Amino acid sequence: MTTVTDREVLRDALGLLRDREQVAERLLESSAKHSFDPDKELDWEAPVEDGKWFWPPELVSLYDTPMWRKMSEDQRMDLARHEAASLASLGIWFEIILMQLLVRHIYDKAVTSQHVRYALTEIADECRHSMMFAKMIQKGGAPSYPVPRFYHNLARILKTVSTTPGSFAATLLGEEILDYMQRLTFPDERVQTLVRGVTRIHVVEEARHVRYAREELRRQMVTAPRWEQHFTRVSCGEAARVFSTCFVNPEVYTNVGLDRREAVAQVKASGHRAEVMQSGAKRLTDFLDDIGVLQGVGRRLWVSSGLLAR
Ligand SMILES: [Fe+2]
Ligand SMILES: [Fe+2]
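Residues numbered from 1 in each chain as written. Chains lettered and ligands numbered in written order. Predicted model: local features only at pLDDT ≥ 70, side-chain atom pairs only at ≥ 80, totals over all residues. Heavy atoms only, no water.

Peer 1: Can you help me understand the coordination of the iron ion (ligand 1) in this one?
Peer 2: Six octahedral donors at a metal ideally form angles of 90 or 180 degrees, and four tetrahedral donors ideally form angles of 109.5 degrees. The protein atoms that coordinate the iron ion (ligand 1) are Glu95 (OE), Glu126 (OE), His129 (ND1) and His202 (NE2), at distances spanning 2.0 to 2.3 Å. Geometry at the iron ion (ligand 1) is irregular, judged from the four donor atoms that bind it and their angles of 86 to 173 degrees at the metal. Going along the chain, you hit the donors of the iron ion (ligand 1) in the pattern E-x30-E-x2-H-x72-H. Here the iron ion (ligand 1) and the iron ion (ligand 2) are spaced 3.4 Å apart, linked through Glu126, which binds each one. Taken together, the residues Glu95 in helix H4 (residues 73–106) and His202 in helix H8 (residues 193–223) connect sequence positions 107 residues apart. (Donors = N, O, S within 2.8 Å, 3.2 Å for Na, K, Ca; no water. Tetrahedral: all angles 85-135°; square planar, octahedral: opposite > 155°, others 65-115°. Helix = DSSP H or I, 4+ residues; strand = E, 2+ residues; numbered from the N terminus.)

Structure below.
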C-alpha cells in the first residue's frame, strides 16, 4: 500500500523526469538549428595573419606583471600563441573526460528518451570540438600541452568512479571558465580570424551543454542522498583546485624563452590574473552556491583554488 508520503515522492520524481525530458527536447531543437561542422564552416587553408593575436593579451596569464612589461610585443604574442595551444589542449582533455562521463550517465537510461538522445548529441558536438581544437593547435604551430602526468592519472580514476552529481559539477567547471574567455575572444578584432571562428562555434554549442549540466546537477542535488551531496561538494572543490593548477601548462613560459619558475610566481601574485580567473568562475560559483554545492570543506577548496574570493 502506498502512503501519502510515498505518493508525494513518486509525484516529485515524475515531475523531475518530465522536466528533464522537456529540457532535453528544447536543447535538441536548438541543436538542430544551430550546429556547425568546423571542417566546412572555417577556412583552414587561410594563412596565419601577421600582427594578430592567438589569444587576447588581457587573457594571457602574465599580462600586466613586471615580466610582461619587460617582454617585447613579439614575445608577448608568441606567449599568447602558446597559451592558446595550452588551453585548447586542456579543452580536449576535458572533452574526452566529459564524453566518457556522458556515456556512463546514459548507460542505464531509456534509450528512446530525449534526455539520452540529447546526451548523444552533446557527445557528437564534443567529438567535433576536440578535432577542431587539435587542428587549431596544429595551425598555430605551437605544440600540444598535456596536463601533468599525475593529474592525467588522477582524472583517469575520477572519470571512472565519479558519481553523477560529481560528474556534472566537474563538467561545468571545465566548460564555464573557458567559455567566459571564449566569449571575450570571438568578437575581438585583434585576434586571428581562425581563432575567432573556433571560439564562436564553441560558445554557441557550449551554451546548450552548460544548460544540460546545470539542470541535471540542480535536480541531482535535490534527489541525491546526503553522503553523495557531501561527496559532490568535496570532489567539486578538489576539481577546482586541480583545474586552476593545470589551467596553463608552465612549459609555455620555457618555450618562449622565459624563466619558468619566475613566470609561475608572477602569475600567482598577479591581481589582474586573479580577477580574470574569478570573473570567469563567477557565473558558475554563483550557481553552485545557489544549489548548495559551495559549503564547508568544498568551499574552502574553492577558495584555495583561487577561483573564489574569500
Ligand atoms: Fe566542447
Ligand atoms: Fe561541452
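Moving on from the model shown.
Peer 1: Hey, could you run me through the side chain of Glu83 in this one?
Peer 2: Among the secondary structure elements, Glu83 is positioned in helix H4. Arg273 provides the closest opposite charge to the buried, unpaired Glu83, separated from it by 4.7 Å. In this structure the side chain of Glu83 is engaged in a polar contact, spanning 2.4 Å, whose partner is the side chain of Ser61. Setting aside residues up to four positions removed in sequence, Glu83 forms contacts with Leu59, Val60, Ser61, Leu62, Val248, Val252 and Tyr253. (Buried < 20%, exposed > 50% of the residue type's maximum accessible area, 1.4 Å probe, protein only. Lys, Arg positive; Asp, Glu negative; His and termini not counted. Salt bridge = Lys/Arg side-chain N within 4 Å of Asp/Glu carboxyl O. Polar contact = N/O pair within 3.5 Å; in protein donor to acceptor, adjacent residues only side chain to side chain. Contact = heavy atoms within 4.5 Å.)

Peer 1: Any chance you could explain empty space enclosed by the protein here in plain terms?
Peer 2: Picture a little ball the size of a water molecule; that probe, rolled over the atoms, points out where space is still empty. On inspection of all chains with the given rule, the structure shows two cavities of 30 Å³ or more. Estimates place the volume of the largest cavity at around 90 Å³. Together, Trp55, Ala84, Leu87, Ala88, Gly91, Phe133, Met136, Leu178, Gln182, Val198 and Thr199 line the largest cavity. Breaking the lining of the largest cavity down by element, the ones donating at least two residues are H4, helix H5 (114–140), helix H7 (164–185) and H8. For the lining of the largest cavity, the class distribution of residues is eight nonpolar, three polar and no charged. In this model, the second largest cavity occupies a volume close to 50 Å³. Surrounding the second largest cavity, Phe54, Arg81, Ala84, Ala85, Met136, Ile137, Gly140 and Val195 form its lining. Mapped by element, the contributors of at least two residues to the lining of the second largest cavity are H4 and H5. (1 Å grid on protein atoms, 1.4 Å probe; cavity = no way out; pocket = protein on both sides within 12 Å on 5 of 7 lines; lining within 4 Å. Points joined across faces, edges and corners; volume = space filled by probe spheres on them. Nonpolar A, V, L, I, M, F, W, Y, C, P; charged D, E, K, R; others polar.)

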